[in-house]
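# Chain and residue survey
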Amino acid sequence: MPDDKSQSGGQDRKRISLSQEYEVRDWAKKFNVTPEQLEAAVRAVGNDAAAVEEHLKGTR
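Quick caveat, the model's predicted, so the values are computed rather than measured.

### Concerning the overall build of the chain
- Across its full length, the chain carries three helices and zero strands.
- Reading the helices (α) and strands (β) of the chain from amino to carboxyl end gives α-α-α.
- Considering the chain as a whole, with its 60 residues, one finds that 27% of them fall into the buried category.
- In the chain, the proportion of contacts linking residues at least 24 apart, taken out of those at least 6 apart, comes to 27%.
- Total accessible area on the chain stands at roughly 4400 Å², and carbon and sulfur atoms take up 48% of it.

As structure tokens, then:
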């Protein structure tokens, strides 16, 4: 199900959706990783942005 762009904020900003190409691109840029590295991190720790960030910091 696509994101409802009129309902953005709060929870939406704390989760990473791998099904949304723009989210993968934007989060990868934010964390300075490739989309593939981001996807691997999400698969390893789930879609919580803080958990993904911590995971990526630990793998560098």
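### A look at the environment of Val-33
- Here Val-33 is to be found in the loop between helix 1 (21–31) and helix 2 (35–45).
- Looking at Val-33, the relative accessible area reads 15%, which means it is buried.
- In this structure, the C-alpha to C-alpha distance between Val-33 and Leu-56, residues 23 residues apart in sequence, is 8.4 Å.

### What to know about the nonpolar core
- The biggest cluster of nonpolar side chains holds 12 residues, and these are Ile-16, Val-24, Trp-27, Ala-28, Phe-31, Val-33, Leu-38, Ala-41, Val-42, Ala-49, Val-52 and Leu-56.
- When residues of this core are assigned to their parent elements, the largest contribution, four residues, is made by helix 1.
- When near neighbours in sequence (up to four residues on either side) are disregarded, Trp-27 contacts Arg-13, Arg-15, Ile-16, Leu-38 and Ala-49.

### Quick notes on the pattern of salt bridges
- Enumeration over the complete set of coordinates arrives at three salt bridges.
- Here Lys-57 makes a salt bridge to Glu-53, at a shortest N to O gap of 4.0 Å. You can see Lys-57 and its partner Glu-53 sitting in helix 3 (residues 49–58), four residues apart, about one turn around the helix.

### Some remarks on helix 2
- Of the residues making up helix 2, those classed as buried are Leu-38, Ala-41 and Val-42. One face of helix 2 carries all of its buried residues, which in axial projection span an arc of 100°. Exposed residues pointing more than 90 degrees away from the buried face of helix 2 are listed as Glu-36, Arg-43 and Ala-44.
- If you follow the buried residues of helix 2, they end up packed against helix 1 and helix 3.
- Trailing helix 2 by a residue or two, Gly-46 shows a phi angle of about 100°, which is positive.

### Section: the confidence of the model for the chain
- For the chain, per-residue confidence averages 86 on the pLDDT scale, and 78% of positions sit at 70 or higher.
- At the level of individual helices and strands, the chain shows its lowest average pLDDT in helix 3, which scores 95, and its highest in helix 2, which scores 97.

Reading the values: rules and limits
Residues numbered from 1 in each chain as written. Predicted model: local features only at pLDDT ≥ 70, side-chain atom pairs only at ≥ 80, totals over all residues. Heavy atoms only, no water. Helix = DSSP H or I, 4+ residues; strand = E, 2+ residues; numbered from the N terminus. Buried < 20%, exposed > 50% of the residue type's maximum accessible area, 1.4 Å probe, protein only. Contact = heavy atoms within 4.5 Å. Areas by Shrake-Rupley, 256 points an atom, 1.4 Å probe, with all protein chains shown as cover. Core = buried A, V, L, I, M, F, W, Y, C linked by side-chain atoms within 4.5 Å. Salt bridge = Lys/Arg side-chain N within 4 Å of Asp/Glu carboxyl O. Arc of directions from axis to C-beta. pLDDT = per-residue confidence, 0-100.

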